[in-house]
Amino acid sequence: MTEFPIGIDLSRYQYSADGKQKPNFDVINAKCAFVGVRAGISWGYTDQWFRYSWEHLSVPRLAYHVIYPGEDARRQTDHFLSIVKPGEHDRLALDMELDHGMGKARITETLNQCLRYILEKTGRYPAIYSRANWINQFVAVEDLPPNLDWWLAHYLARRPAPLYTPEKDPPPRLPNGVSRWLIHQTGERGNGSEVGVASYYVDTNRWNGT
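Residues numbered from 1 in each chain as written. Predicted model: local features only at pLDDT ≥ 70, side-chain atom pairs only at ≥ 80, totals over all residues. Heavy atoms only, no water.

J.: Could you give an account of unusual backbone geometry, naming the residues involved and the relevant values?
T.: One can expect most non-glycine residues to show negative phi and most peptide bonds to be in trans. Residue Ala161 is joined to Pro162 through a cis peptide bond whose omega torsion reads 10 degrees. Structurally, Pro162 can be placed in the loop between strand S7 (150-153) and strand S8 (183-191). Cis geometry marks the peptide bond from Pro170 to Pro171, where omega comes out at 5 degrees. By the secondary structure assignment, Pro171 is in the loop between S7 and S8. (Helix = DSSP H or I, 4+ residues; strand = E, 2+ residues; numbered from the N terminus.)

This is how it looks when you write it as structure tokens:
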């Protein structure tokens, strides 16, 4: 697995509830090859620690935003881009894992609109974060632009708490119609203290490339 650079993802959950315990970014920047940071959710929520995390990273950064499929796509992506001012080498990702009772056609159309708006504003499609089973059920991959970058979650079975669960070896399971992956989220119960976060557990990721 060492041929795949390791990263983690951060949100307010990697800080203590009162904010007094923060991640140690000296440790994160030393141990991680890249870091994903949650920017916000839909059109109205901003992660309270996004800016702090974003500004303290010296490794390649990826900002992700949770999409609500029943809400207006432009409003959500405008909110995303109001939080993140991506630099030339920063990446964006859409977190697609909520259906909110919407069907495949509506979810696919919302996703397509978000992809087009971000391409229009930044000149580049965002990656898509999800998992194979969810995409197979809720997204018509054949209706999406070709050659998108995929950040796919696929874990080993959880060990009982408080044990940590090892990473799953890449590659992740791919959705139907997808032939390549950019990032594999290899676990959700990694050792937080090893990488300097305040939370007990941390999500782990592997990058498919250098």
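Having seen it, we continue.
J.: Lay out the pairing of S7 with the relevant residues and their values.
T.: A two-sided burial pattern is seen for S7, the buried positions comprising Trp150 and Leu152 on one face and Trp151 and Ala153 on the other. Examined bridge by bridge, strand S6 (residues 127-130) and S7 share three bridges and lie parallel to one another. Bridging across to S7, Tyr129 finds its partner in Trp151. Between S6 and its parallel partner S7, the chain crosses via helix H5 (residues 132-138), and the hand of that crossover is right-handed. (Buried < 20%, exposed > 50% of the residue type's maximum accessible area, 1.4 Å probe, protein only. Pairing = 2+ DSSP bridges. Right-handed = clockwise from strand over helix to strand, strands pointing away.)

J.: Tell me what's going on with the packing of aromatic side chains, and back it up with residues and numbers.
T.: Summed over all chains, the structure comprises 13 aromatic pairs. Ring centres of Phe34 and Trp207 lie 5.2 Å apart, and the angle between their planes is 65 degrees; this geometry places the pair in the edge-to-face category. Of this pair, Phe34 sits in strand S2 (residues 34-41) while Trp207 sits in strand S9 (residues 201-207); the two residues are 173 residues apart in sequence, bridging distant segments of the chain. A relative accessible area of 19% places Trp207 in the buried class. Clustering of aromatic rings is evident, with ring pairs tying together Tyr15, Phe25, Trp49 and Tyr52. The ring of Tyr117 has Arg74 sitting right over it, with the charged end atom 4.0 Å from the ring centre. (Phe/Tyr/Trp six-rings, centres within 6.5 Å; stacked < 30°, edge-to-face > 60°. Lys NZ or Arg CZ within 6 Å of the ring centre and 35° of its normal.)

J.: So, the pattern of salt bridges: which residues are in play, and what are the values?
T.: All told, the structure shown has seven salt bridges when counted by the stated rule. A salt bridge links Asp47 to Arg38, with the nearest nitrogen and oxygen atoms 2.9 Å apart. With relative accessibility at 2%, the residue Asp47 sits in the buried group. In this structure, Glu109 and Arg116 form a salt bridge, with 3.4 Å as the shortest nitrogen-oxygen distance. Residue classification places Arg116 among the partly exposed residues on the basis of a relative accessible area of 42%. Salt bridges sharing partners connect three or more residues here, namely Arg91, Asp149 and Arg180. (Salt bridge = Lys/Arg side-chain N within 4 Å of Asp/Glu carboxyl O.)

J.: I'd like to hear about helix H4 (residues 104-122), residue by residue, with values.
T.: Between its first and last C-alpha atoms H4 spans 27 Å; for 19 residues at 1.5 Å apiece the expected length is 27 Å, and the two agree. Residues of H4 that are buried include every one of Ile107, Thr108, Thr110, Leu111, Asn112, Cys114, Leu115, Tyr117 and Ile118, and no others. Residues of H4 that are buried in the fold lie against helix H3 (73-83), strand S5 (91-95), S6 and H5. Count one or two residues on from H4 and you reach Gly123, which has phi positive near 85 degrees. (Expected span 1.5 Å × (residues − 1). Contact = heavy atoms within 4.5 Å.)

J.: Can you explain the nonpolar core? Please cite residues and give values.
T.: Counting residues in hydrophobic clusters, the biggest one holds 46 residues, and the most contacted among them are Ile8, Ile28, Val35, Val84 and Leu94. The element contributing the most residues to this core is H4, with six residues. For Ile28, the residues in contact, after removing those within four places along its chain, are Ile8, Leu10, Pro23, Val35, Leu57, Val195 and Val197. Of all hydrophobic cores here, the second largest spans 12 residues; its members include Leu62, Tyr64, Tyr129 and Trp207. (Core = buried A, V, L, I, M, F, W, Y, C linked by side-chain atoms within 4.5 Å.)

J.: So, the side chain of Gln76: which residues are in play, and what are the values?
T.: In this structure, Gln76 sits in helix H3. Those residues in contact with Gln76 that sit more than four places away from it in its chain are Ser42, Trp43, His65, Val66, Ile67, Tyr68, Glu71 and Thr110.

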